[in-house]
Amino acid sequence: MSLISLVGVRKDFGIRTLFENLTLHVGERERLGLIGPNGAGKSTLMRLLAGLEPPGEGERRVLPQARIVLVSQEPEMDPERTVLDQVFEDSGEKMELLRRYTAVSDALAHAHAEGHDDSALLTELGQLNARMDQSQAWGLEQQIREVLGRLGVGDLGRKVGELSGGYRKRLALAAALVAEPDVLLLDEPTNHLDADCIQWLQGYLARFPGALVLITHDRYVLDQVTSRIVEVDRGEASSYQGNYVYYLARKAEQEASAAASEAKFKGVLRRELEWLKRGPKARSTKQKARIQRIEAMQEAPKRQVKGDLSLASNQRRLGKRAIEAEDLSIWATSDSKAAGAAPLLKGFSYDFSPEDRIGIIGPNGAGKSTLLDLIAGRGERPHEGQLELGSTVKLAYFDQHSDVLVGERDAAGRERKVIDVVKEAASTVEVDGSTLSAGQLLERFLFPPAQQHQPVSKLSGGERRRLHLCRLLIEAPNVLLLDEPTNDLDVQTLTVLEDFLEDFRGCVVVVSHDRYFLDRTVDRLFAFENGVLQRFEGNYSAYLEKQQQASRPPSSNGAKAEPRQGEPSPEASAAPATATGKPTVKAKPRRRSFKENRELQTLETELPQWEARRSELEGQLAQGGSDYTALEALTAELAALSDKIETGEERWLELSELAN
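Described below are features of the structure shown in this document. A quick note: this is a predicted structure, and the numbers were derived from the prediction, not measured. (Residues numbered from 1 in each chain as written. Predicted model: local features only at pLDDT ≥ 70, side-chain atom pairs only at ≥ 80, totals over all residues. Heavy atoms only, no water.)

Turning our attention to the sheet that holds strand β1 (residues 2-13). Pairing is antiparallel in the open sheet, where 3 strands are placed in the order β2-β1-β4. Each of the sheet's edge strands pairs with one partner strand only, and the pair in question is β2 (16-27) and β4 (57-62). Strand-to-strand twist of the sheet, defined as the mean angle between neighbouring strand axes without regard to direction, takes the value 15°. Where β1 lies against β2, 8 bridges are found, and the strand directions are antiparallel. Opposite Ser 5, over in β2, you have His 25 as the bridge partner. Sheet contacts for helix α1 (residues 42-50): β1, β2 and β4; angle to β2, the most-contacted strand, approximately 50°. (Pairing = 2+ DSSP bridges. Helix = DSSP H or I, 4+ residues; strand = E, 2+ residues; numbered from the N terminus. Axes fitted to C-alpha atoms, helices over the stretch in contact; angles between N-to-C directions. Contact = heavy atoms within 4.5 Å.)

This is the structure we're talking about:
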């Protein structure tokens, strides 16, 4: 049974059409993930589902009495309320029950004091009592405090108007989770949450009893929480019944099939055009029909191929010195240091090499962004210690703010257009041996020509982030500082950025709470722990596994804990000591990269198809025949296919042996 349905919906904003004849159903206990490029209309679709945005055409159908809550990216709140009052106010039915129960209780006391008939009030009070038991509204304040604590909000008496946008988003999220609606609509809920909060939220959403529609760039959350993926792109909504990993596999198959169909179509059209050029003298009915078919093929709409980003060759040489930090200490401000406050960072020393892939993690407010600001030369100099950049460093800083692109005007007083932002950095750029214009480069960053001449203010938040990224990368940096780069970027752009970083020849320092992004892009972590940056070799998943192992309680009787099934014993996993007494480090098996995972999935799909084709060829050859030219062609195809299968099987074995 559908709780919300959009049927034949069209939505446009002026000349730009977001949806055309879109149909989408949200059923009971649905776990639906919305993905698609920035600007495709995901947030608008959420507002349509919530009933906050009217469709231009079509209709929205909602099950009567279905409780729907949307947590948008910029929730509206009363700046004069306290944190606790605001969450109480937005707690939906539970708060309404508490209010009504209080009102009926007061009315009952008044009726009793005045000697009036209170039977109706007693009946309603009993009904309210039962409903509050069912919804667990009695413990509402305790629930609110617990959820706010899990989301990292502690000062419940603070005014909402004093909070940042990220903290206001947490209040809206807390209220929605406490309210437990029938349909929960979440637009980028993991933005501004640290890794521990995201981990808790992921578990909470997995247990959530209602229907869930989720927009998020966090692919681990998508994979663990959703059971259906809906891709919104170019006015269409394509549904994939499965989680994010299933979606990736199906999408790869579809793209391969589409590429094959397009190649076949072009081949047929080329042959037909060659026939047409020969100019047949007679114009029979059959020939006229053929000409009409050629014209129809030429006029057939061609699906736009998605852009791709490849800027590996557009980089400057980086010498041996990148960033050198020696005994570095940072306070929030000079005044806080003078007042004797604890430093954000104390005694940090490290030489960043040109090949480093560093991830910096820690709770919100620990000082991660402050450290990147310091490296980038923004704000104050180090309060203690030294920080120096190499002489060949060309640094690019992708911070959390892309509003710097908005509002500025050109010499004529006009607001800057999208293409102006890129031209200011470079009118042309060398990419893989080719010279691209600013317009061509923007197309690679998924900005079509019609959008390139729009004012920057007309872009969505995610599109501005993508434009900011484009502007930075074409300046050919060799040191990249990325502060929460996954915020507001769509999954497609993140995949492109991850592929770029994989081939980037330079130093990369990333501050992020996105576990998937960290796993793909870094091989060393620095974790903020009480003002000290603790170093860890490995990606985030390995770090999290080590943290979980460290938090396991020892056995109560002092005996050695038995290893779990499939887990090596402590003795077996300990590194042996050398003659010098220092333990040797046992090399970890290399993990498959994201590209290698995709290659393995493709081989697992294609190898059975190749085997089937080989069996077919062998059967045709067994039948023989008198057409020796055809037999020779079959023999050649069989030999080539056998070599291809052998190579594919060897590669499959090689990839299968790597750790996943």
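Let us keep going from here.
The tally for this structure, following the rule as stated, stands at 32 salt bridges. Arg 100 is the partner of Glu 124 in a salt bridge, and the nearest nitrogen-oxygen pair spans 2.7 Å. One end of the pair, Glu 124, is in helix α4 (residues 119-135); the other, Arg 100, is in helix α3 (residues 93-114), with 24 residues separating them in the sequence. According to the relative accessible area criterion, Glu 124 is partly exposed, its value standing at 23%. Here Glu 502 and Arg 520 are joined by a salt bridge, their closest N and O atoms 3.2 Å apart. Residue Glu 502 is located in helix α17 (residues 491-503), and its partner Arg 520 is located in helix α18 (residues 515-521); the two are separated by 18 residues in the primary sequence. The structure contains a network of salt bridges with shared partners spanning Arg 219, Glu 498, Asp 499, Glu 502 and Arg 520. (Salt bridge = Lys/Arg side-chain N within 4 Å of Asp/Glu carboxyl O. Buried < 20%, exposed > 50% of the residue type's maximum accessible area, 1.4 Å probe, protein only.)

Relative to strand β9 (residues 236-240), strand β8 (residues 228-233) runs antiparallel, the two being bridged by 5 bridges. Looking across to β9, one finds that Ile 229 is bridged to Tyr 240. Remark: 2 residues form the turn of the hairpin made by β8 and β9, two consecutive strands paired antiparallel; Arg 234 in that turn has positive phi of roughly 50°.

Taken across its 5 residues, strand β12 (residues 357-361) has 5 buried, putting it largely inside the fold. On β12, burial covers both faces: Arg 357, Gly 359 and Ile 361 on one face and Ile 358 and Ile 360 on the other are all buried. Here β12 runs beside strand β18 (residues 507-511); their pairing, made up of 4 bridges, is parallel. Across the sheet, Arg 357 pairs through a bridge with Val 508, a residue of β18. Two strands pair when backbone bridges link them, and β12 and strand β19 (residues 524-529) are joined in this way by 4 bridges, in the parallel orientation. Residue pairing in the sheet places Ile 358 in a bridge with Arg 524 of β19.

Enumeration according to the criterion identifies 10 aromatic pairs in this entry. Ring centres of Tyr 350 and Phe 352 lie 4.8 Å apart, and the angle between their planes is 90°; on these two criteria the pair is classed as edge-to-face. According to the relative accessible area criterion, Tyr 350 is buried, its value standing at 9%. Put simply, the rings of Phe 348, Tyr 350, Phe 352 and Phe 526 pair up and form one aromatic cluster. Against the face of Tyr 167 rests Arg 170, its NZ or CZ located 4.7 Å from the ring centre. Taking the ring centre of Phe 447 as reference, the NZ or CZ of Arg 466 above it sits at 4.8 Å. (Phe/Tyr/Trp six-rings, centres within 6.5 Å; stacked < 30°, edge-to-face > 60°. Lys NZ or Arg CZ within 6 Å of the ring centre and 35° of its normal.)

Now for the environment of Leu 212. Its place among the elements puts Leu 212 in strand β7 (residues 211-215). When its relative accessible area of 1% is taken as the criterion, Leu 212 is described as buried. If we ignore the near neighbours within four places in the chain, the residues touching Leu 212 are Glu 30, Arg 31, Leu 32, Leu 184, Leu 186, Leu 205 and Val 225.

Further remarks concern the sheet that holds β7. A sheet is described by the order of its strands in space; here 6 strands give the open sequence β5-β6-β7-β3-β8-β9, paired in mixed fashion. One side of each edge strand has no neighbouring strand; the edge strands of this open sheet are β5 (68-71) and β9. Shown here is a sheet whose adjacent strand axes are inclined to one another by a mean of 15°, direction ignored. Relative to β7, strand β6 (residues 183-187) is paired through 5 bridges, and the arrangement is parallel. Bridge assignment links Leu 184 to a residue of β7, and that residue is Leu 212. Helix α7 (residues 195-207) contacts β3 (31-35), β6 and β7 of the sheet and is inclined by roughly 130° relative to β3.

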